[in-house]
Amino acid sequence: MDRFAEILSGPHLDLLIVGTRVTLYMAVLSYLLAFVMGNVLAAARVSPIPVLQRAAMAYVSVFRNTPLIVLAFLFWYGGGRAGWPFGRLTTAIIVLGLYTGAYIAESLRSGINAVPPGQAEAARAIGLPFTGVVGTIVLPQAIRTVIPPLGNLWIANLKNSSVFLVIGIDELTRAGRRIGHALADYTSAFIVVALIYLALVYGSAQLIKLIERRLEIAR
Amino acid sequence: MSEPLVVMDGVNKWFGDLHVLQDIDLTVDRREVVVVIGPSGSGKSTLCRTINRLEPIDKGTILIDGEPLPAEGKDLARLRADVGMVFQSFNLFAHKTILQNVTLGPIKVRGKSKDEAESRAMELLERVGIAEQAGKMPAQLSGGQQQRVAIARALAMDPKVMLFDEPTSALDPEMISEVLDVMLELAREGTTMVVVTHEMGFARSAAQRVVFMDAGRIVEVNTPDEFFNNPQTDRAQDFLSKILNH
Ligand SMILES: Nc1ncnc2c1ncn2[C@@H]1O[C@H](COP(=O)(O)OP(=O)(O)O)[C@@H](O)[C@H]1O
Ligand SMILES: [Mg+2]
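Within every chain, residues take consecutive numbers counted from 1 along the sequence as written. Key to labels: chains lettered from A, ligands numbered from 1, both in the order written. Local features are withheld for residues below a pLDDT of 70 in this predicted model, meaning they are given only at 70 or higher, and side-chain atom pairs are given and counted only at 80 or more; totals for whole chains, interfaces and linings count all residues. To get the side-chain values, take all heavy atoms of the structure and skip hydrogens and water.

## Side note on the packing of helix H8 (residues 147–160) of chain A against helix H10 (residues 186–215) of chain A
Residues and elements named next belong to chain A. Here the axes come from fitting lines to C-alpha atoms, over the contacting stretch only for helices, and the angles between their N-to-C directions go from 0 to 180 degrees. For helices the rule is a DSSP run of H or I covering at least 4 residues; for strands it is a run of E covering at least 2, with both sets numbered from the N terminus onward. The interhelical angle for the contact between H8 and H10, taken along N-to-C directions, is 155°, at an axis separation of 10 Å. Between H8 and H10, the interaxial angle falls into the category roughly antiparallel. For the pair H8 and H10, the crossing hand works out as right-handed. Across the interface between the two elements, Ile147, Pro148, Gly151, Trp154, Ile155, Leu158 and Lys159 from H8 touch Tyr197, Leu200, Val201, Ser204, Ile208, Glu212 and Leu215 from H10. Think of it as three bins: nonpolar holds Ala, Val, Leu, Ile, Met, Phe, Trp, Tyr, Cys and Pro, charged holds Asp, Glu, Lys and Arg, and polar takes everything else, Gly as well. Grouping the amino acids of the contact of H8 with H10 by side-chain chemistry returns 10 nonpolar, 2 polar and 2 charged. Roughly parallel covers angles under 35 degrees, roughly antiparallel covers those over 145, roughly perpendicular covers 65 to 115, and oblique covers all other angles. Crossings are sorted by hand: turned counterclockwise from the far helix by less than a right angle, the near helix makes the crossing left-handed, and turned clockwise it makes it right-handed. Should any heavy atoms of two residues lie within 4.5 Å, those residues are considered in contact.

As structure tokens, this is what we get:
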């Protein structure tokens, strides 16, 4: 118990607080990027333009079939040499967002398939252009049908942020490693870190349920 | 000024090997109501849907108010706004309120202000008898009510012509007349309409012409009285005897 008290006070606590803050910051910003990417990719998949369809398909298959850690190394070290202009944290957020975006696109695609075709037809019939049909009528309904998988992707995205300790981001997992090293007690340090992740995930799950209920279409 | 509003000239369409529209020639005059009738699968819906190019055609030309239907893109979207369409399955936007269903097109397509669109929408909802339900979601309304909203949604675009594809076929019998009454009123006001329907009462009291389709062709065109009392072709006679003894 003394050990845990030690971890939860002084400089160790500061490390944990900063780490949690960075993890949440990364998770939120990368998810926002992922959500935008996912919508754009899903729209491209159902667009009448073959080039866009194929580009979206290629994107999704590249980002879903490459380990996240490889993408992290590729963008940070590989990108660094090729003139990649962004800093560490921004790079991490972009890479994570692009990665999760591929999964969100796939979720949304199944959501789009669940929207009756008559919805898009009625939208076309009143003269909405393709972007309006998809953006105003199809995607908003598709999103509602896939809130649970989108929630799971938020949780996966939050946990995946830990990968970026490999490019030196001071997020929660890296904070745990530092504390474990300082105290020569990785077990206690990572139990605390795991409990913090658990709390974040549990809190997210409650929030997702709330959002799902709010977005439900009244019948 | 007296040129027809819709002109279909030599229109052909295939679904794969199925020749679903064969040499369709049809003109619809301003303020005219044309009823399209025919057996299931004869191509009535497809014909209707080619008029606003929800289905592209393979051969022939279609003019709306003298303008040929443009290919997919901004011009087509603009032209579609001038052609109102009412579907068998209503297709109200499920995540929008009744009022939003009616204002969406005027705001997003016509660029009207929200206030302007809403006051016009309320007028139209009043006219179809749904004004009290303006804040509800589509799924909270009966089929007949939803279809009347769908009519209001189409009218909100101030279309030059209204297309109806079996607007009462999905309705319980007791709701059919509330929708037909609205359509009769539109016809009386001189709205140009193409109506796919088997409602003979509507055809007799509203239509100037009945177009009978069979197997992708227009087989007979006549006034409602002539068509129903004295069909010229065997196929029309056969079809009418079936729906009358039904
Ligand atoms: N999208 C489509 N793809 C392939 N065949 C179709 C499609 N839509 C309609 N058809 C076929 O075209 C024929 C005419 O259909 P339709 O115009 O709906 O007839 P109707 O409205 O008179 O019942 C039918 O045989 C139908 O199965
Ligand atoms: Mg039909």
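## Quick notes on the pattern of salt bridges
Residues and elements named next belong to chain B. Between Lys or Arg on one side and Asp or Glu on the other, a salt bridge is scored when a side-chain nitrogen of the former is within 4 Å of a carboxyl oxygen of the latter. For the structure on display, the rule yields 25 salt bridges over all chains. Its salt-bridge partner being glutamate 189, residue arginine 127 comes within 2.8 Å of it at the nearest N-O pair. Of the two residues, arginine 127 sits in helix H4 (residues 114–127) while glutamate 189 sits in the loop between helix H6 (173–188) and strand E8 (193–196), which places them 62 residues apart along the sequence. Three labels apply to residues, based on accessible area from a 1.4 Å probe with only protein chains included: buried if under 20% of the type maximum, exposed if over 50%, partly exposed otherwise in between. Given a relative accessible area of 43%, arginine 127 falls into the partly exposed group. You can call glutamate 189 partly exposed: its relative accessible area is 38%.

## Observations regarding helix H5 (residues 143–155) of chain B
In this analysis, the expected span of each helix is defined as 1.5 Å times one less than the number of residues it contains. Look at H5 of chain B: 18 Å from first C-alpha to last across 13 residues, which is about the 18 Å you get at 1.5 Å a residue. Counting buried positions along H5 of chain B yields 13 of 13 residues, so the element is predominantly enclosed.

## Some details on the sheet that holds strand E2 (residues 18–28) of chain B
Residue and element names in this part refer to chain B. Here a strand pair is declared whenever DSSP counts at least two bridges between the two strands. Taken in spatial order, the 4 strands make up an open sheet running E2-E1-E4-E5, and their pairing is antiparallel. Strands with a single pairing partner mark the edges of an open sheet, and in this sheet they are E2 and strand E5 (67–68). Along the sheet face, helix H1 (residues 44–51) touches strand E1 (6–15), E2 and strand E4 (59–64) and points at about 120° away from the line of E1.

## Some points on the interface of chain B and chain A
Listed by partner, the interface residues are 27 residues for chain B and 19 residues for chain A. Where chain B abuts chain A, roughly 2,000 Å² becomes buried across the two surfaces, and 64% of that area is made up of carbon and sulfur atoms. Counting the contacts that link chain B with chain A gives 1 salt bridge. The partner of arginine 49 of chain B in a salt bridge is glutamate 121 of chain A, and the shortest N-O contact between them spans 2.7 Å. Any N or O atom pair separated by 3.5 Å or less is treated as a polar contact, with the protein-specific requirement of one donor-capable and one acceptor-capable atom, and with residues adjacent in sequence counted only for side-chain atom pairs. Run the count over chain B and chain A and you get 6 residue pairs in polar contact (both at pLDDT 80 or more). Listing elements by their share of the side of chain B that touches chain A, those giving two or more residues are helix H2 (74–81), strand E6 (83–86) and helix H3 (98–108) of chain B. Sorting elements by how many residues they give to the side of chain B that touches chain A places H2 of chain B first, with 4 residues. Accessible-area loss on putting two parts together, using a 1.4 Å probe and summing over both, is the definition of buried area adopted here.

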